[in-house]
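# Examination of the molecular architecture
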Amino acid sequence: MAPEAKEVVAVLKQQLADYQERLALEDIGQVIEVGDGIARVFGLDRVMAQELVEFPGGVMGIALNLEEDNVGCILLGSDENIREGDEVRRTGRIAETIVGEAVFGRVITPLGVPLDGKGPLDASETRPLEVKAPGVMLRQPVKEPLYTGLKAIDAMIPIGRGQRELIIGDRQIGKTAIVVDTIINQKDSGVRCIYVAVGQKLAEVRRLAAVLEKHDALKHTCIIAAAAASPPAELYIAPYAGATIGEHERDNGRHALIIYDDLSKHARAYREVSLLLRRPPGREAFPGDIFYLHARLLERAAKMSDELGGGSLTALPIIETQEGDYSAYIPTNVISITDGQIYLEPDLFHAGVRPAISVGLSVSRVGGAAQDKMMRQVAGQLRSDLASYREYEAFSQFASDLDEHTRRILARGERMVEVLKQKQYSPLHVVDQVIAIFAGARGHWDDVGVSAIQDLEKGLLAFVREQHQDLWQTLDRERALSEETAQQLGRVIEEFKQRERQAGRLAAPEKA
């Protein structure tokens with residue numbers, strides 16, 4: 001049945017009454033130059049610093065250079081289909097990334113695009129990539145330990161929640177191995193981990209994800225991958241995206257650990273972007289704000305005050321040196337920003353000492369404040385003893401006859417080096433570390449052959465857990481070594497050695 005004329009008129013009158021004139025203003029610019037991952041745009045007079053702008057084909061860019069007559073943008077995608085004269089639109093949004101529960105257990109790009117084939121991220125919350133670091137009054141001192149599971153680090157170069165500890169050394173000597181073991185060690189500690197891979201091959205990132213999954217550590221880890229083949233802009237923003245995800249955990253009262261692997265490649269990517277944008281070059285062609293690049297990133301790691309939830313973000317940046325030159329430009333910059341450094345020595349690595357940590361060049365500026373009391377008690381003299389051992393070792397190479405005191409120092413030092421060795425992917429609980437270091441530092445291995453120590457230590461830890469569980473639980477509960485507990489532990493170690501001798505598994509002492 002056809003509608004009557006008066007009904008049509010009534011509907012039209014209603015629609016006219018509801019009509020409101022809407023005027024939409026859009027900032028549109030034009031590309032005046034494009035190439036090598038950057039674009040210069042004319043006409044975006046009101047664009048904000050770090051604002052996302054949209055190029056043809058959905059390619060996004062970030063406004064980095066706000067100059068008098070144009071805007072220098074870095075592209076987060078391919079520039080193949082962008083031409084001179086193309087329109088560029090403002091989005092009104094500062095560069096941001098996805099945060100929250102959905103990113104953990106996933107491998108993503110800095111802007112939250114999944115790379116692991118597990119489907120889209122089920123997340124709606126985002127945060128800006130760059131925010132101001134918390135002020136001094138919003139923080140509290142670093143005093144809560146973050147255990148890596150590695151005896152050499154937890155005993156001598158302790159890391160606390162909220163600290164920034166640099167890992168520095170040449171390529172292929174175990175820097176990434178340390179942080180992977182640290183991530184694996186956090187699986188029952190409640191610490192969420194963010195691993196930022198800057199300039200690595202995607203095959204390496206996949207291998208890392210597979211290792212973490214095998215050790216049940218991927219579920220509490222977010223891997224942010226800015227691959228070697230990615231645009232320089234992605235490599236530049238990747239660490240800031242990781243810091244944003246970590247800050248979301250920190251600001252909600254939780255604890256997070258972030259690893260930047262590595263900031264040398266990050267600095268080189270920023271240098272590339274800066275030179276393309278024609279910023280004035282300085283030392284080694286790096287731009288003048290290269291120190292600020294890393295300072296504003298690492299200052300975001302903090303232990304927040306109790307009034308703000310008491311959450312923490314701990315940072316482990318990695319720097320790759322060339323031929324052990326830790327006095328180069330970027331390494332010295334980052335050393336001066338961080339709260340200490342773990343220096344890996346090539347000579348130790350090639351001599352079979354893993355992790356190859358140099359006692360003399362490594363330091364934690366937080367120190368014993370980030371250790372349990374029992375660890376301070378057993379490892380208090382360890383650093384100085386090992387430093388003395390290295391000195392005597394160098395001296396003994398030129399001496400034919402050594403006195404008894406020197407022989408004792410060399411024998412004990414040799415055994416402590418063996419005690420601190422650790423296989424990859426086998427982090428230890430802090431109580432197991434204390435038992436292992438106690439056995440070496442208190443001289444229980446002095447009458448044991450050096451080559452037997454690794455197997456004996458493994459057997460001792462199993463023996464204490466199985467046969468003397470009450471002692472293990474006492475140490476775990478009290479986190480301190482009383483005189484009575486120390487005597488009991490000494491008796492247990494001697495009991496274990498006696499059992500091994502009777503079974504014929506204890507090797508004879510090696511001559512010094």
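This section reports on the structure supplied with the text. Note that this is a predicted model, so its numbers are computed, not measured.

In the structure shown here, the tally under the stated rule is 39 salt bridges. Between R192 and E249 there is a salt bridge; the shortest N-O distance is 3.4 Å. On the criterion of sequence distance, the pair formed by R192 in strand β11 (residues 191-198) and E249 in helix α5 (residues 232-251) is long-range, its members being 57 residues apart. Here R192 and E249 have matching classes, each one buried. A salt bridge links D432 to R465; its shortest N-O distance comes to 3.0 Å. Note that D432 is positioned in helix α13 (residues 430-441) and R465 in helix α14 (residues 453-467), a separation of 33 residues in sequence. On the accessibility criterion, D432 (5% relative accessible area) is buried.

The next point concerns helix α16 (residues 483-502). The end-to-end C-alpha distance of α16 is 29 Å, a good match for the 28 Å that 20 residues give at a rise of 1.5 Å each. Those residues of α16 that fall on the buried side of the exposure criterion are T485, A486, L489, G490, V492, I493, F496, K497 and E500. For α16, the buried positions fall inside an angular range of 160 degrees around the axis, keeping them on one side. Turned more than 90 degrees away from the buried face of α16 sit E483, E484, R491 and Q502, all of them exposed. Next to the buried residues of α16 lie α13, α14 and α15 (469-478). Two residues or fewer past α16, G504 is found with a positive phi of approximately 75 degrees.

This part takes up the sheet that holds strand β4 (residues 60-66). In spatial order, the strands read β1-β2-β5-β4-β3-β6; together these six strands close into a barrel with antiparallel pairing. Adjacent strand axes in the sheet meet at a mean angle of 45 degrees when their direction is disregarded. Strand direction decides the pairing type here: strand β1 (residues 28-35) and strand β6 (residues 87-94), joined by three bridges, are antiparallel. Bridging across to β6, Q30 finds its partner in E87.

Here we take up the packing of aromatic side chains. Under the criterion given, the structure shown has five aromatic pairs. Look at Y326 and Y343: their rings are 5.3 Å apart centre to centre, the planes differ by 65 degrees, and that puts the pair in the edge-to-face class. On the criterion of sequence distance, the pair formed by Y326 in the loop between β15 (312-320) and α8 (329-337) and Y343 in strand β16 (residues 340-343) is long-range, its members being 17 residues apart. Judged by its relative accessible area of 6%, Y343 falls in the buried class. Positioned above the aromatic ring of F286, the side-chain terminus of R271 is 4.3 Å from the ring centre.

With that settled, the discussion passes to the packing of helix α7 (residues 290-298) against α8. Taken N-terminus to C-terminus, the directions of α7 and α8 make an angle of 35 degrees; their axes are 10 Å apart at the nearest point. Read as a crossing pair, α7 and α8 show a hand that is right-handed. In this structure, α7 contributes I290, F291, H294, A295 and L298 to the contact, and α8 contributes Y329, I330, N333, V334, S336 and I337. Along the lines of polarity and charge, the residues of the contact of α7 with α8 split into eight nonpolar, three polar and no charged.

What follows covers unusual backbone geometry. Excluding glycine, residues mostly carry a negative phi; peptide bonds, for their part, are mostly trans. Between D261 and D262 the backbone carries a cis peptide bond, its omega angle lying at 0 degrees. Summarising the element assignment, D262 is placed in the loop between β13 (255-261) and α6 (263-276). Going from R354 to P355, the amide bond is cis rather than trans, its omega being -5 degrees. Within the fold, P355 resides in the loop between α9 (346-350) and β17 (363-364). The phi torsion at A285 lies on the positive side, around 70 degrees, for a residue other than glycine. What makes A285 partly exposed here is its relative accessible area of 30%. A positive phi angle, close to 55 degrees, is found at E323, a residue other than glycine.

What counts, and where the lines are drawn
- Residues numbered from 1 in each chain as written.
- Predicted model: local features only at pLDDT ≥ 70, side-chain atom pairs only at ≥ 80, totals over all residues.
- Heavy atoms only, no water.
- Salt bridge = Lys/Arg side-chain N within 4 Å of Asp/Glu carboxyl O.
- Helix = DSSP H or I, 4+ residues; strand = E, 2+ residues; numbered from the N terminus.
- Buried < 20%, exposed > 50% of the residue type's maximum accessible area, 1.4 Å probe, protein only.
- Expected span 1.5 Å × (residues − 1).
- Arc of directions from axis to C-beta.
- Contact = heavy atoms within 4.5 Å.
- Pairing = 2+ DSSP bridges.
- Axes fitted to C-alpha atoms, helices over the stretch in contact; angles between N-to-C directions.
- Phe/Tyr/Trp six-rings, centres within 6.5 Å; stacked < 30°, edge-to-face > 60°.
- Lys NZ or Arg CZ within 6 Å of the ring centre and 35° of its normal.
- Left-handed = near helix turned anticlockwise from the far one by under 90°.
- Nonpolar A, V, L, I, M, F, W, Y, C, P; charged D, E, K, R; others polar.

Worth remembering: the numbers are spatial, not functional.
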